[in-house]
Amino acid sequence: MHVKYLSKFSEVSSMRASRTHNAWRVSSQVGERSGTAMSSERHRGAGNDIRTCEGCSPQPHVSHWTSMAMFQVLSSYTLIAPFFLFVIIYSLGRRNSRRLPPGPYGFPLVGNVRETPFEHPEYTFASWAKKYGDLIYNEFFGHRTVIINSQKIAQELLEKRGAKYSSRPRMTMLAEMLGWNPTLTLLPYKAESRRKQRKWIHGTFGEKKSVQGFEGLKKRETYIFVLGLMETPDDYGLHVKRFLAALVLESVYGHRITSLDDEYVTMMDSAMEATTTTGAAGGTLVDMLPFLKHMPAWMPGAGWKRAALRARKLVWQGHHLPYRMAREAIESGGAPPSLLSTLMGDSTKTGQFEQEENDIIYTTGVIYAAATDTTKAALLTFILAMTLHPEVGRKMQEEIDRVIGKHRLPTIEDRPDLPYVDSVLKETYRWHAPLPLGIPHYITEDDEYEGYQLPQDTTIMANMWAICRDERVWNDPTAFRPERFLELDPSEAEALDPRHVVFGYGRRQCPGRLFADTALFLVIATMAATLDIRKARDAEGKEIIPEVSWLPAFISPPEDFVCAIAPRSSSAKTSVADALAGASA
Ligand code: HEM
């Protein structure tokens, strides 16, 4: 790939596909497909056990397109033929000479591109695990990739051996051509800027005390969100987007939005959209063949480069313009405290502002991209689960009424007393990991695990979707059943907490997880206390049962679905409006 599937932190609505297939069905189709997709395969390692299976996958997918495009470009550069030959010989030699983890045997040069579907590769990787085990080796155009399908191995490698497993793979298009390279998400492990940016973000969004400082903001935006749902429930997707944009822009820049037409939102959305439309991160032709980035933009066939240059401008603006506007507001004393005001204040005090300004710009700029779509995916998954399982919503309401009563709304401090609500959030994470394959890590030193070599310069990723649905761990993993967490003893519950999976691992673990998790708890508890979420009805009054399917993307929210959201009681709207007045005071 390296990371064919890393379509970055971005608005994925442009990919909102026409397909609305059921996720469980896809899962089994993919399983079937992967069983027939390989004309030959073998286990590398101790023995070269060659097995064949009938037929080839008839499924066209983007990887075919990518390889065809590659051949078209290369055919006009016949001088590169010796290079091709070298790569084929080299890749064959490399695959055979090491005791790599098992996996489907790919073709020379393209590797496993052919049998890896572009959509929902996590399902295919999970089905491969049944055949090859929890550690699977793949190659994509000569790039080594290892996929982990169990929590035990993910923790062993990505956490315990974090010093070797915490870098990021090279992404020529996204990082180098579009200009996302100075952001924490993509910086190599050893980069000084990575250390600094991570410390800053963690200090604001990962430490309990500083996260508590945003409680007022979270409450206010939660109440605005719930009132919006009460007024125009069919626009629930837009309310979710507004809610998260408001949380992020105020906590990061001290900028308060009043609508989605806000200047900052427009700029940042444009940067993200331009990024998405240049192709899947790590999966474009130039990622496979980085020398192509030097192709002159005026050349015939270089439309992709011209598009990348246009996107680069928007990415630059998305980072620099909100920063400049917010900086002015902070300097004129008109902005509430924020990550930016803290960083500006601290670095001015130490006399480091000039040296640190670029890191400050990119630290603040990346959070909108990292925080909004990820949290949106989790919140939409919760709404889908409530639509399908109104009985879960009723149980949450019973618990809230019993513990808190009806005279006030739940707060984050109520969490220990609301174990059922808490288990609903955990089940939401487990049911569908918002980033099914996480963000890839990169191995920076040769290593060995259970007799298998894991060479330096290999991309390694945890299949979070598969880990959260591991049948060896979870009974009936496809069911949405929050009770499963209440049936565990405390030590098991701690070990199996899905937050140890869906926010990633070790030294690259999400630094915003505490902020996201507390915001999500508050919002789902408030929704349960004040709203009924049910199935919508069609013109004949029949319930519409939403399909359970998720967008095939790096950040994977549910596909569009309809639901009926209404105030829980005649007084619900007043109590939220009163709470909003209190929170805004
Ligand atoms: C439900 C919401 C969220 C989910 C599921 C999520 C998930 C993740 C995952 C899986 C990673 C990659 C971890 C790894 O490489 O092992 C990550 C990284 C990151 N997340 Fe989150 N995230 C969420 C919300 C947030 C929020 C609210 C923020 C900021 C306030 C944030 C900021 C970041 C950043 C900056 C990184 C890159 C960290 C690094 O490379 O060192 N995320 N997130």
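Thresholds, definitions, all that
Residues numbered from 1 in each chain as written. Predicted model: local features only at pLDDT ≥ 70, side-chain atom pairs only at ≥ 80, totals over all residues. Heavy atoms only, no water. UniProt positions renumbered as here; feature names shortened; annotations may be inferred. Helix = DSSP H or I, 4+ residues; strand = E, 2+ residues; numbered from the N terminus. Buried < 20%, exposed > 50% of the residue type's maximum accessible area, 1.4 Å probe, protein only. Contact = heavy atoms within 4.5 Å. Areas by Shrake-Rupley, 256 points an atom, 1.4 Å probe, with all protein chains shown as cover. Expected span 1.5 Å × (residues − 1). Bend = angle between axes of the 7 residues up to and from the residue. Donors = N, O, S within 2.8 Å, 3.2 Å for Na, K, Ca; no water. Phe/Tyr/Trp six-rings, centres within 6.5 Å; stacked < 30°, edge-to-face > 60°. Lys NZ or Arg CZ within 6 Å of the ring centre and 35° of its normal.

Under an unreviewed UniProt entry, the chain has the name Cytochrome P450 monooxygenase and belongs to Rhodofomes roseus. Entered under Subcellular location (unreviewed entry) in the UniProt record, the comment concerning the chain runs "Membrane".

Participant: Describe the overall build of the chain, and please don't skip the residues or the numbers.
Facilitator: Regarding its fold elements, the chain presents 23 helices and 10 strands. Here the chain holds 585 residues, and 59% of them are scored as buried. Long-range contacts, defined as pairs at least 24 residues apart, comprise 74% of the intrachain contacts of the chain with a sequence gap of at least 6. Put simply, the chain shows about 24000 Å² of open surface, and 55% of that area lies on carbon and sulfur atoms.

Participant: Run through helix α15 (residues 353-388), naming residues and quoting values.
Facilitator: The terminal C-alpha atoms of α15 lie 51 Å apart, and with 36 residues this matches the ideal 52 Å at 1.5 Å per residue to within 8%. Taking the largest bend as the criterion, α15 deviates by roughly 30°, centred on Asp359. Within α15, 30 of the 36 residues are buried, which leaves it mostly tucked inside the rest of the structure.

Participant: Go over the coordination of the iron atom of the ligand with me, naming the residues and quoting the values.
Facilitator: Counting protein donors to the iron atom of the ligand gives just one, Cys510 (SG), placed at 2.3 Å. Here Cys510 lies in the loop between α21 (499-502) and α22 (513-530).

Participant: Talk me through the packing of aromatic side chains; I want residue IDs and the actual numbers.
Facilitator: A full pass over the atoms with the stated rule returns 12 aromatic pairs. Pairing Phe205 with Phe515 gives two aromatic rings, centres 4.9 Å apart and planes at 85°, and the pair type is edge-to-face. In this pair, Phe205 is assigned in helix α7 (residues 192-205) and Phe515 in helix α22, connecting sequence segments 310 residues apart. Taking the relative accessible area as the measure of exposure, Phe205 reaches 4% and is therefore buried. A relative accessible area of 8% means that Phe515 is categorised as buried. Among the aromatic residues, those joined into a cluster by ring pairs are Phe205, Phe214 and Phe515. Across from the ring centre of Phe515, 4.6 Å away, lies the NZ or CZ of Lys218, which sits over that ring.

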